[in-house]
Amino acid sequence: MTEVKVNGIQSSEHLPHTSSEVQTADTKTPHIIKDTTTTHPETSQTLCSSDQAKPEASGCSTVGHGLREGRKVLPPIPDPATEAEMTASLHSNTKVLPGGSGEGQIKLEYTLMNEYNMLHKQKLPGIYVIPSALSPLIWNGVLFLRQGLYQDAVFRFNLNIPEAYPNADCPRVFFEFPVFHPAVNPKTGELDVKREFKKWRRGTNFLWQVLMYVRRVFFKIDPKCSWNEEAAELYEHNMEEYRKKVETTVRSSKDVLYNPIESKDSHMIRFSPWEPSIHDEAKTDMLTRKKNRSDLELEPHKRNGLSWVSPGTTQIFSSDESTSSLS
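Residues numbered from 1 in each chain as written. Predicted model: local features only at pLDDT ≥ 70, side-chain atom pairs only at ≥ 80, totals over all residues. Heavy atoms only, no water.

Colleague: Give me the overall build of the protein: which residues, what numbers.
Modeller: Secondary structure summary: the protein contains eight helices and 13 strands in total. Out of the 327 residues belonging to the protein, those deemed buried represent 32%. For the protein, the computed accessible surface area is about 21200 Å², with 52% contributed by carbon and sulfur atoms. (Helix = DSSP H or I, 4+ residues; strand = E, 2+ residues; numbered from the N terminus. Buried < 20%, exposed > 50% of the residue type's maximum accessible area, 1.4 Å probe, protein only. Areas by Shrake-Rupley, 256 points an atom, 1.4 Å probe, with all protein chains shown as cover.)

This is the structure in structure tokens:
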């Protein structure tokens, strides 16, 4: 215990091992005490007195902690399983109100970006999708069918994602025109997605699964619980007539393929007829392999398999042996 006399008034300063306390001898009238700071050498603790002594005991202490310095190590790139778990965790914490903005909207857009990246890794055959330039909640897509009853069909569609995704109902799919199919509404062109996803489960269901279902529904046709009763009836009892209806749908998909689309969306998928001045160069580049192996190393995408579409058809075919032998 140490006594201190300031302006003729006695005060005591008690310096315990782990705490500090400043008291005045006269508790009736407060007196000004000069600022004093004492550092305890054993505990690295700063002891400080108040600017004005109060009737009751007062004091403050600040404990300093040493900061370790070192390199910052970035986390490794997650594997697909870890990435799915991260997406599921983000889904569980994402809450977006209709028309909302701010943190919730940022989380939603990040979730959609991650899902689009997952879609790229799936490499679904015959499906091409790009988010709309007007809204991340609308994805423009096109489906090329190479075999089966709907062979050579080209169906454009829109994937509509709920505003509260993934804490909402399942996304909806609309074809450009009513496709003749038991699972497609003959008036609106909407595909019955709920047939496959009766209840959307965040962290378990993803958008690429919806797109995979869009493709599979044309190969595994189920006439039960149909949205098009005529298509379901013909598929079960009159396959020949069903085939004729499907052929009409396939022709219609080609007829409307080049129709101009009035839309402000710069990411809208549009098709144009073959123009030699524009497309011949791209076709030649696809068919011609680099003879210099160093060029292939600089441009690894040139080593991919070759394929193109013949003018006037949607049938995919490969280069002949003479062209493929170039290396």
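Colleague: Explain a negative patch on the surface to me, and be specific about the residues and the numbers.
Modeller: A surface patch of like charges, here negative, comprises Asp222, Glu229, Glu233 and Glu236. Mapped onto the elements of the fold, Glu233 is located in helix H4 (residues 229-237). For Glu233, a relative accessible area of 45% translates into the label partly exposed. (Patch = residues over 30% accessible without salt bridge, like charges linked within 9 Å, V, L, I, M, F, W, Y side chains within 5 Å. Salt bridge = Lys/Arg side-chain N within 4 Å of Asp/Glu carboxyl O. Lys, Arg positive; Asp, Glu negative; His and termini not counted. Charge placed at Lys NZ, Arg CZ, Asp CG, Glu CD.)

Colleague: Tell me what's going on with the confidence of the model for the protein, and back it up with residues and numbers.
Modeller: Any region with low pLDDT has predicted coordinates that should not be read closely. Confidence in the prediction of the protein, expressed as mean pLDDT, is 73, and 60% of residues score 70 or more. In this model residues 4-67 is a low-confidence stretch, pLDDT under 50, and it forms 87 contacts with partners more than four residues away in sequence or in other chains. This model gives residues 318-327 a pLDDT under 50, and the stretch forms 13 contacts once residues within four places in sequence are excluded. (pLDDT = per-residue confidence, 0-100. Contact = heavy atoms within 4.5 Å.)

Colleague: Before we move on, can you summarise the nonpolar core with the specific residues and values?
Modeller: Core analysis: the biggest nonpolar cluster contains 45 residues, and Tyr150, Phe155, Phe175, Leu191 and Phe218 have the highest contact counts within it. Looking at this core, the elements with two or more residues in it are helix H2 (103-122), strand S7 (127-131), strand S8 (138-144), strand S9 (154-160), strand S10 (172-175), helix H3 (207-216), H4 and helix H5 (239-255). With six residues, H3 is the largest single contributor of residues to this core. The residues touching Phe175, leaving out its near neighbours within four places in the chain, are Phe155, Arg156, Phe157, Val184, Gly189, Leu191, Val214 and Phe218. (Core = buried A, V, L, I, M, F, W, Y, C linked by side-chain atoms within 4.5 Å.)

Colleague: Give me H5: which residues, what numbers.
Modeller: Taking 1.5 Å per residue, 17 residues should reach 24 Å; H5 reaches 24 Å between its end C-alpha atoms and fits that length. Of the residues making up H5, those classed as buried are Tyr242, Val246, Thr249, Val250 and Ser253. All buried residues of H5 lie within an arc of 100° about the axis, which places them on one face of the element. Across from the buried face of H5, at angles greater than 90 degrees, the exposed residues are Glu240 and Asp255. On the buried face of H5, the contacting elements are S9 and H4. (Expected span 1.5 Å × (residues − 1). Arc of directions from axis to C-beta.)

Colleague: Tell me about the packing of H4 against H5, and name the residues and values.
Modeller: The interhelical angle for the contact between H4 and H5, taken along N-to-C directions, is 135°, at an axis separation of 6 Å. Compared by their axis directions, H4 and H5 come out oblique. On H5, the residues that touch Glu230, Ala231, Leu234, Tyr235 and His237 of H4 are Met239, Glu241, Tyr242 and Lys245. When grouped by side-chain class, the residues that make up the contact of H4 with H5 number five nonpolar, one polar and three charged. (Axes fitted to C-alpha atoms, helices over the stretch in contact; angles between N-to-C directions. Parallel < 35°, antiparallel > 145°, perpendicular 65-115°, else oblique. Nonpolar A, V, L, I, M, F, W, Y, C, P; charged D, E, K, R; others polar.)

Colleague: Quick rundown of the pattern of salt bridges? Include the residues and the values.
Modeller: Throughout the structure, instances matching the rule amount to six salt bridges. A salt bridge links Glu176 to Arg156, with the shortest nitrogen-to-oxygen separation between them at 2.9 Å. With a gap of 20 residues between them, Glu176 in the loop between S10 and strand S11 (190-191) and Arg156 in strand S9 connect regions that are remote in the sequence. The exposure class of Arg156 is buried, given its relative accessible area of 6%.

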